[in-house]
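Each chain, letter by letter, is given below.
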Amino acid sequence: PGDGSGPVPGDGTDPPAPQRVLFPPTFSVSEIKNKQRRHFMFLRWKQQQRKEKLALKKKRRKEREALGDKAPPKAVPKTIENQRVYDETTVDPNDEEVAFDEATDEFAPYFNRQTVPKILITTSDRPRGRTVRFCEQLATVIPNSHVYYRRGLALKRIIPQCIARDFTDLIVINEDRKIPNGLVLSHLPDGPTAHFRMSSVRLRKEIKRKGKEPTEHVPEVILNNFTTRLGHTIGRMFAALFPHDPQFIGRQVATFHNQRDYIFFRFHRYIFKSEKKVGIQELGPRFTLKLRSLQKGTFDSKFGEYEWIHKRREMDTSRRKFHL
């Protein structure tokens, strides 16, 4: 420096500082041997990915706003749902055969307002505390429901007693290792009976930012994506648990959302903040159901006739094939 052979610091001819690259193209987090360092670098890499994705999203939104009406239509992302294999039993709302079946099936008296739902909720024998609390909270969601404990009584003996006392549905919550893991729903007096696997149960105290306790108002019911004949039957079973006329003043809504044959249950309270904005609070409980079988008539594990049984090795060969 100073002999004319190179740039002199401070004279404006300094070479530009190299840009700092956090992660080179060949970077692999798995090559880091130290576990804590590897976890830290993975979090930094995820953060960088989120920033790049958000910047690209903002750039595209500005480009669309600049083009205005000339902006190209948004591309529809490929998902398992919109690539679903067509099911020949998909229900057409204008199908006369479907309309006739609905007018004559076991749930017709409910939809014709001839019967009022009355639900009995019970458990497996000697339930644990978590299952008991779940049943009690479920009874606050479903109006006109009553919780009784089995005390060793067989279901075949419970069902005639329910029919004699004018119950329209029987719900049985099963458990395994102190965790609720199954739900049996039987429509009385003539069936059908559905058996579900239950998972992801969350009680009210386990839900973040939950609202106050639900009121005694009859909630609204939302059924999403029950499109096949089997799904239509399951949806009507859930609908028949709630009185036909919701009390909108309570602003409570029970949602059964079917996605990839998993049925997600949520219970919310909503409020209209303005003409365009709506606020919702989850009240709980929440759980997820997966249909295992649908049986004709009431519960009969030995001689019952099944309409549909989930057979994993035969039915789960394609990820894009759904039954509900």
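Residues numbered from 1 in each chain as written. Predicted model: local features only at pLDDT ≥ 70, side-chain atom pairs only at ≥ 80, totals over all residues. Heavy atoms only, no water.

**Overview of the nonpolar core**
- Of all hydrophobic cores here, the largest spans 39 residues; its most connected members are Ile171, Phe196, Ile234, Phe238 and Ile263.
- Look past the residues within four positions of Phe238 in its chain and what remains in contact with it is Leu185, Phe196, Leu223, Phe226, Phe256, Ile263 and Leu289.
- Among the nonpolar cores identified, the runner-up in size contains ten residues, and Ile158, Cys162, Phe167 and Leu170 belong to it. (Core = buried A, V, L, I, M, F, W, Y, C linked by side-chain atoms within 4.5 Å. Buried < 20%, exposed > 50% of the residue type's maximum accessible area, 1.4 Å probe, protein only. Contact = heavy atoms within 4.5 Å.)

**Here we look at a negative patch on the surface**
- Among the surface-exposed residues, Asp92, Asp95, Glu96 and Glu97 lie close enough to one another that they form a single negatively charged patch.
- Since its relative accessible area comes to 69%, Glu96 is described here as exposed. (Patch = residues over 30% accessible without salt bridge, like charges linked within 9 Å, V, L, I, M, F, W, Y side chains within 5 Å. Areas by Shrake-Rupley, 256 points an atom, 1.4 Å probe, with all protein chains shown as cover. Salt bridge = Lys/Arg side-chain N within 4 Å of Asp/Glu carboxyl O. Lys, Arg positive; Asp, Glu negative; His and termini not counted. Charge placed at Lys NZ, Arg CZ, Asp CG, Glu CD.)

**Some words on the pattern of salt bridges**
- Here the structure, examined in full by the defined rule, presents eleven salt bridges.
- Where Arg236 meets Asp105, a salt bridge forms, and the shortest distance between an N and an O atom there is 2.9 Å. On the criterion of sequence distance, the pair formed by Arg236 in helix H6 (residues 229–239) and Asp105 in the loop between helix H2 (96–104) and helix H3 (108–111) is long-range, its members being 131 residues apart. Asp105 carries the same exposure label as Arg236, and that label is buried. (Helix = DSSP H or I, 4+ residues; strand = E, 2+ residues; numbered from the N terminus.)

**Focus: the UniProt feature "domain: Brix" (unreviewed entry) in the chain**
- When the UniProt feature table is mapped onto this chain, "domain: Brix" (unreviewed entry) is found at residues 117–300.
- What you have in residues 117–300 is 18% helix and 40% strand, and the ends, taken at the C-alpha atoms, are 22 Å apart. (UniProt positions renumbered as here; feature names shortened; annotations may be inferred.)

**A short note on the state of the cysteines**
- According to the stated counting rule, one finds zero disulfides in the structure shown.
- There is no disulfide at Cys135, and the cysteine sulfur nearest it, in Cys162, is 14 Å away.
- We classify Cys162 as buried; its relative accessible area is 3%. (Disulfide = S-S within 2.5 Å.)

**Focus on a nonpolar patch on the surface**
- A surface patch of nonpolar side chains, amounting to about 260 Å² of accessible area, comprises Phe42, Leu43 and Trp45.
- Within the element layout of this structure, Phe42 appears in helix H1 (residues 35–67).

**Things to note about a positive patch on the surface**
- A cluster of like positive charges, contributed by Lys46, Arg50, Lys53, Lys57, Lys58, Arg61, Lys62, Arg64 and Lys74, occupies part of the molecular surface.
- By relative accessible area, Lys58 is classed as partly exposed at 42%.

**Section: the domain arrangement of the chain**
- Here the chain is described as being made up of domain 1 (29–67) and domain 2 (90–316).
- Centre-to-centre, using C-alpha coordinates, domain 1 lies 41 Å away from domain 2. (Domains from an automatic or database assignment.)

**Let's talk about the packing of H2 against H6**
- Running from N to C, H2 and H6 cross one another at 30°; their axes reach a closest spacing of 13 Å. As judged from the angle between their axes, H2 and H6 are roughly parallel. In this structure, the crossing between H2 and H6 has a hand that is right-handed. Contacts between H2 and H6 involve Glu97, Val98, Asp101 and Glu102 from the former and Arg229, His232 and Arg236 from the latter.
- When its residues are assigned to classes, the contact of H2 with H6 shows one nonpolar, one polar and five charged. (Axes fitted to C-alpha atoms, helices over the stretch in contact; angles between N-to-C directions. Parallel < 35°, antiparallel > 145°, perpendicular 65-115°, else oblique. Left-handed = near helix turned anticlockwise from the far one by under 90°. Nonpolar A, V, L, I, M, F, W, Y, C, P; charged D, E, K, R; others polar.)

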